[in-house]
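Residue-level structure breakdown
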Amino acid sequence: MAPEPTRTRPLVDALIAGVVLAIELLDAYGSLDGEPLNPVAGWNTAQHTDPWAFVLVVVGCGALYWRRTHPVVTLAITTVAYSAFVLRDFELGMFLAPMVALYTAAALGRSRALALLAGLACTSASAWWLYTRASDIADPGVAVLAWIALGAVILAFFVGSYVAGELVRCHRLLSSYGHVRTVPQPTRLETDGRATREAAPRERGGDA
């Protein structure tokens, strides 16, 4: 596949950041007056959205514009924004920004340690949010099901994003390696013929 033209990359990144921002803003706006998630008895509902939620969404999603030119900084900003969003006890959301940032950092092969740390931070913040929601569920079986269901979603979002980025990076490396291996090399006959043609003028010059 042909590489993406450099001049179109800012437009693509702006489009991705804009789409993610629009989705997350709509989700936050829907939580203003909507009923909070309350799936089972004993579930502790989250607080309603306030202006800080919109600030964190704009900062976290807007940083995706620089995801390719500054992937490490973008990952750090989206991780902090997401963690602050979740720890302020808003309704669980704003997944897309850290997911895209994690994928990009892994795909570009930038700072694996930071990518793993960011994924761990997002997962830990989400686990704390889940704990505060499910801690008062009286039925142990229901509580376990809530942990399994939401925990699987959280892991799929963050671990899946990182793994997808690593797979893309490995595919690119293998493709470039295969391209180098498939470049035709000159045969021995072609090499000897070229050497003969280059030597002939020098010999005629020496005879003159």
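Our subject in this report is the structure included herewith. These figures come from a predicted structure and were not determined experimentally.

Scanning the protein chain for helices and strands turns up 7 helices and 0 strands. Starting at the N terminus, the α and β elements of the protein chain follow one another as α-α-α-α-α-α-α. Residues classed as buried in the protein chain amount to 31% of the 208 residues present. Excluding contacts between residues fewer than 6 apart, the proportion of contacts in the protein chain whose partners are at least 24 apart in sequence is 76%. Of the accessible surface of the protein chain, which amounts to about 12600 Å², a share of 69% is contributed by carbon and sulfur atoms.

The next thing to look at is the packing of helix 1 (residues 9-33) against helix 2 (residues 51-62). Where helix 1 contacts helix 2, the two axes come as close as 9 Å, and the packing angle between them is 165 degrees. The angle between the axes of helix 1 and helix 2 places the two elements in the roughly antiparallel class. Once helix 1 is placed against helix 2, the crossing between them reads as right-handed. Across the interface between the two elements, Ala17, Val20, Leu21, Glu24, Leu25, Ala28, Tyr29 and Leu32 from helix 1 touch Phe54, Val57, Val58 and Cys61 from helix 2. Considered class by class, the residues forming the contact of helix 1 with helix 2 number 11 nonpolar, no polar and 1 charged.

Moving on, we come to the environment of Ala101. Tracing the backbone through its elements, the reader meets Ala101 in helix 4 (residues 96-108). Using a relative accessible area of 2% as the deciding quantity, one classes Ala101 as buried. Between the alpha carbons of Ala101 and Trp66 there is a distance of 9.6 Å; along the sequence they are 35 residues apart. Excluding anything up to four places from it in sequence, Ala101 contacts Leu64, Thr74, Leu75 and Thr78.

Parameters and conventions
Residues numbered from 1 in each chain as written. Predicted model: local features only at pLDDT ≥ 70, side-chain atom pairs only at ≥ 80, totals over all residues. Heavy atoms only, no water. Helix = DSSP H or I, 4+ residues; strand = E, 2+ residues; numbered from the N terminus. Buried < 20%, exposed > 50% of the residue type's maximum accessible area, 1.4 Å probe, protein only. Contact = heavy atoms within 4.5 Å. Areas by Shrake-Rupley, 256 points an atom, 1.4 Å probe, with all protein chains shown as cover. Axes fitted to C-alpha atoms, helices over the stretch in contact; angles between N-to-C directions. Parallel < 35°, antiparallel > 145°, perpendicular 65-115°, else oblique. Left-handed = near helix turned anticlockwise from the far one by under 90°. Nonpolar A, V, L, I, M, F, W, Y, C, P; charged D, E, K, R; others polar.

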